[in-house]
Amino acid sequence: AHGILGKLTPEQHAIATTKLSSEQVLCVTAFAGSGKTTTLKAIALARPNLRILYLAFNVTVRDEALSTFPPNCEAKTLHQLAFSFVGHRYAPHVVDALKTTD
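Because the structure is predicted, anything quoted here is derived from the model rather than measured. (Residues numbered from 1 in each chain as written. Predicted model: local features only at pLDDT ≥ 70, side-chain atom pairs only at ≥ 80, totals over all residues. Heavy atoms only, no water.)

Peer 1: What should I look at first to understand the overall build of the chain in this one?
Peer 2: What the chain contains, in helices and strands, is 5 helices and 2 strands. When the helices and strands of the chain are listed from N to C terminus, the series reads α-α-α-β-α-β-α. Over its C-alpha trace the chain gives a radius of gyration of 17 Å, far above what one expects of a compact globule, namely 13 Å for 102 residues. Taking the principal axes of its C-alpha atoms as reference, the chain extends roughly 55 × 30 × 25 Å. Of all 102 residues assigned to the chain, the portion counted as buried reaches 23%. Within the chain, contacts between residues separated by at least 24 positions form 38% of all contacts whose residues are at least 6 apart in sequence. If you sum the accessible surface of the chain, you get close to 7900 Å²; carbon and sulfur atoms cover 60% of it. Considering the chain, the positive charge centre built from 10 side chains and the negative charge centre built from 7 side chains are found 6 Å apart. (Helix = DSSP H or I, 4+ residues; strand = E, 2+ residues; numbered from the N terminus. Rg over C-alpha atoms; globule rule 2.2 N^0.38 Å. Buried < 20%, exposed > 50% of the residue type's maximum accessible area, 1.4 Å probe, protein only. Contact = heavy atoms within 4.5 Å. Areas by Shrake-Rupley, 256 points an atom, 1.4 Å probe, with all protein chains shown as cover. Lys, Arg positive; Asp, Glu negative; His and termini not counted. Charge placed at Lys NZ, Arg CZ, Asp CG, Glu CD.)

This is the structure:
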């Protein structure tokens, strides 16, 4: 964790080293390319006993996170998160694969 912490901006370092209780939630909102993913990796590496959820807008970003984040960080798309809460209601109606001829 010390390696990545030394490479962060002052803002990223402040976020990555914020003290949190088990009841608190940390939400980082920033523009594209501002370093949110790097900041989250630093948080995850600095707190290996903390469970972290990384939400991505698409599967490509999610898969990149799954391949580079430490094991205490779970990566899901927003659709996966929503489906895990309400999908059981609609699962019988979900079609596996549609073709343009269907």
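Okay, back to it.
Peer 1: What is the right way to look at the pairing of strand 1 (residues 52-56) in this model?
Peer 2: Consecutive residues of a regular strand have side chains that alternate between opposite faces of the sheet. The two faces of strand 1 differ: I52, Y54 and A56 on one face are buried, but L53 and L55 on the other face are not. Of the pairings in the sheet, the one linking strand 1 to strand 2 (residues 73-77) comprises 5 bridges and is parallel in character. Within strand 2, the position partnered with A56 by the bridge is T77. What joins strand 1 to strand 2 is helix 4 (residues 59-68), and the crossover it makes is right-handed. (Pairing = 2+ DSSP bridges. Right-handed = clockwise from strand over helix to strand, strands pointing away.)

Peer 1: What's the story with the pattern of salt bridges in this structure? I'm lost.
Peer 2: Oppositely charged side chains can form a pair if their charged atoms are brought close together. Using the criterion set out here, one finds 2 salt bridges in the structure. A salt bridge links R62 to D63, with the shortest nitrogen-to-oxygen separation between them at 2.7 Å. Using a relative accessible area of 36% as the deciding quantity, one classes D63 as partly exposed. Close ionic contact of K76 with E74 constitutes a salt bridge, the shortest N to O distance being 3.7 Å. (Salt bridge = Lys/Arg side-chain N within 4 Å of Asp/Glu carboxyl O.)

Peer 1: Help me understand the nonpolar core, please; the structure alone is not making it clear to me.
Peer 2: As a rule of thumb, soluble globular proteins bury nonpolar side chains together. Judged by nonpolar contacts, the single largest core of 14 residues is most densely connected at A16, L40, I52, Y54, F69 and C73. When contributions to this core are tallied by element, the ones reaching two or more residues are helix 3 (36-46), strand 1 and strand 2. Top contributing element to this core by residue count: helix 3, with 4 residues. Beyond its immediate stretch of four places on either side in the chain, C73 contacts L40, A44, I52 and Y54. (Core = buried A, V, L, I, M, F, W, Y, C linked by side-chain atoms within 4.5 Å.)

Peer 1: Even after reading the chapter, I still don't get the packing of aromatic side chains, so can you show me in this structure?
Peer 2: For any two aromatic rings, the description comes down to two numbers: the centre-to-centre distance and the angle of the planes. If you walk through the whole model with that rule in mind, you get 1 aromatic pair. Taken together, a centroid distance of 5.0 Å and an interplanar angle of 45° make the contact between Y54 and F69 tilted. Of the two residues, Y54 sits in strand 1 while F69 sits in the loop between helix 4 and strand 2, which places them 15 residues apart along the sequence. We note that Y54, like F69, is buried. (Phe/Tyr/Trp six-rings, centres within 6.5 Å; stacked < 30°, edge-to-face > 60°.)

Peer 1: How should the side chain of R62 be read in this particular structure?
Peer 2: Among the secondary structure elements, R62 is positioned in helix 4. When its relative accessible area of 14% is taken as the criterion, R62 is described as buried. Polar contacts involving the side chain of R62 include one to the side chain of D63, which spans 2.7 Å. Discounting chain neighbours no more than four positions away, the residues touching R62 are A56, A75, K76, T77 and Q80. (Polar contact = N/O pair within 3.5 Å; in protein donor to acceptor, adjacent residues only side chain to side chain.)

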